[in-house]
Amino acid sequence: MNIPFLDLKSPYQELKTEMDAAYKRVMESGWYILGSEVEAFEQEFADYCNVRHCIGVGNGIEALHLILRAYGIGKNDEVIVPTNTYIATWLAVTYAGATPIPVEPDQKTYNLDPVKIEAAITNRTKAIMPVHLYGQPADMDLILDIAEKYGLKVIEDAAQAHGALYKGKRAGSLGDAAGFSFYPGKNLGAIGDGGAVTTNDDIIAKSIRSLRNYGSHKKYINDVLGFNSRLDELQAAFLRVKLKYLDTWNVRRRESAKRYTVELKSSRLILPYIPEYSNPVWHLYVVCTEERDMLQRHLSDNGIGTLIHYPIPPHLQNAYSELGYERGDCPIAEELAKQVLSLPMGPHISKEQTEAIIDAIHRFF
Ligand SMILES: *Cc1c(COP(=O)(O)O)cnc(C)c1O
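Residues numbered from 1 in each chain as written. Predicted model: local features only at pLDDT ≥ 70, side-chain atom pairs only at ≥ 80, totals over all residues. Heavy atoms only, no water.

> Just checking my understanding: could you explain empty space enclosed by the protein for this structure?
To locate leftover empty space, one rolls a probe as large as a water molecule over the atoms. Counted by the stated rule, this structure contains 2 cavities of 30 Å³ or more. Tallied by class, the residues present in the lining of the largest cavity amount to 8 nonpolar, 2 polar and 1 charged. Residue lining of the second largest cavity: Thr-83, Asn-84, Thr-85, His-309, Tyr-310, Ile-312, Pro-313, Pro-314, Ala-333, Leu-336, Ala-337 and Val-340, and that is the complete set. A total of 3 residues in the lining of the second largest cavity trace back to one element, the largest contributor, which is helix H10 (residues 331-339). Its residues assigned to classes, the lining of the second largest cavity comprises 8 nonpolar, 4 polar and no charged. (1 Å grid on protein atoms, 1.4 Å probe; cavity = no way out; pocket = protein on both sides within 12 Å on 5 of 7 lines; lining within 4 Å. Points joined across faces, edges and corners; volume = space filled by probe spheres on them. Nonpolar A, V, L, I, M, F, W, Y, C, P; charged D, E, K, R; others polar. Helix = DSSP H or I, 4+ residues; strand = E, 2+ residues; numbered from the N terminus.)

> Help me understand the layout of surface pockets, please; the structure alone is not making it clear to me.
Computed from the structure, the largest pocket encloses a volume of approximately 590 Å³. Surrounding the largest pocket, 30 residues form its lining, Tyr-86, Gln-160, Tyr-183, Lys-186 and Tyr-310 being those nearest its centre. Looking at the lining of the largest pocket, the elements with two or more residues in it are helix H3 (60-70), helix H4 (87-95) and strand S8 (177-181). Among the residues making up the lining of the largest pocket, the classes are represented as 15 nonpolar, 11 polar and 4 charged. What the second largest pocket holds in volume is close to 300 Å³. Forming the walls of the second largest pocket are 14 residues, and the residues nearest its centre are Leu-34, Asn-213, Ser-216, Lys-219 and Arg-230. Put simply, the parts of the chain that give the lining of the second largest pocket at least two residues each are strand S10 (216-218) and strand S11 (221-222). Ranked by the residues each element gives to the lining of the second largest pocket, the list is headed by S10, at 3 residues. Of the residues in the lining of the second largest pocket, the class split is 5 nonpolar, 4 polar and 5 charged.

> Teacher, can you tell me more about the pattern of salt bridges here?
Opposite charge on two side chains allows them to pair when their charged atoms are near. A full pass over the atoms with the stated rule returns 19 salt bridges. Its salt-bridge partner being Lys-338, residue Glu-335 comes within 3.7 Å of it at the nearest N-O pair. Of this pair, Glu-335 and Lys-338 are both found in helix H10, 3 residues apart, which corresponds to roughly one turn of the helix. We classify Glu-335 as partly exposed; its relative accessible area is 35%. Here the residues in one salt-bridge network are Arg-25, Glu-37, Glu-44 and Arg-240, joined through shared partners. (Salt bridge = Lys/Arg side-chain N within 4 Å of Asp/Glu carboxyl O. Buried < 20%, exposed > 50% of the residue type's maximum accessible area, 1.4 Å probe, protein only.)

Interpretation note: all reported values are geometric properties and have no functional meaning in isolation.
Right, here's the structure in full:
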């Protein structure tokens, strides 16, 4: 059996009729940027996340970047980011001209540890950027309490958490504003790049609408130095189709995750920990073991694709060498980088496939 880490063909096969109709509708409309499809998607995704505003943008990192810009966060400012995340979280801060300040994760959830945040706050700190990593909501109430105490903004990186619930509330509605990515492999994925900001903040929403479109509210009138970061009509039309299936597809991910969790309990793997406040959407199913590299090779020999999220934490990437971090500075993230392994996960992985993966893991240990 050959089981890829991620299957991006089956989603199209399942929705082919509707996706083809969406394509045709936009192609024949003759209107491809900032039109009725984007407007409709923004309304539908805002309703889904239970927020007042959604603004479609070019991709996930731009969503985060434009939020920071809209709040006036930039040069000489600091933003608290997790050590254990995809580098995009940090890069968004860097794009804005601010400095990412790393905080280590909780050892059980792998998400930003609220207990460690206060020690990282200085008089330059302007925001905290928790990531709902792997589709598991961060410990938001504690983070929001700290933010309130110090007057900081909370910007959710919700790029892996479309539909995830924290105490019954949607990711994307928990902080001051949130950035989503619609990169094809995400739980809500486009057929190319795409992203969105969600927020209940009217002023920020207005500002981001301008920033994404050259700093302009009215054609050829430019109030601020803006960017070109727009969700296009074709992607919005595809996303409108896929949004209708997001909950059903997240349920399928939960079923696969449950199978992994129940049947791998007896193995020596450390399995994902789910706090009682969290109803995750399993963007990734991440296990931990000191024998990670050998297990990955064994699974690969059995035709099973896996990935590592992430093999090098941002603070040790060459790109951030000028920040001056060294090996050992963020030991929890560094240890995770050596031990984490993401098993195949997605809305189209079958029961037979997950069972074959589970069998292969049992044969290893
Ligand atoms: C995917 C991702 C992003 C960036 O999204 P793009 O659309 O690729 O720019 C940001 N943060 C996290 C945690 C992600 O997984």
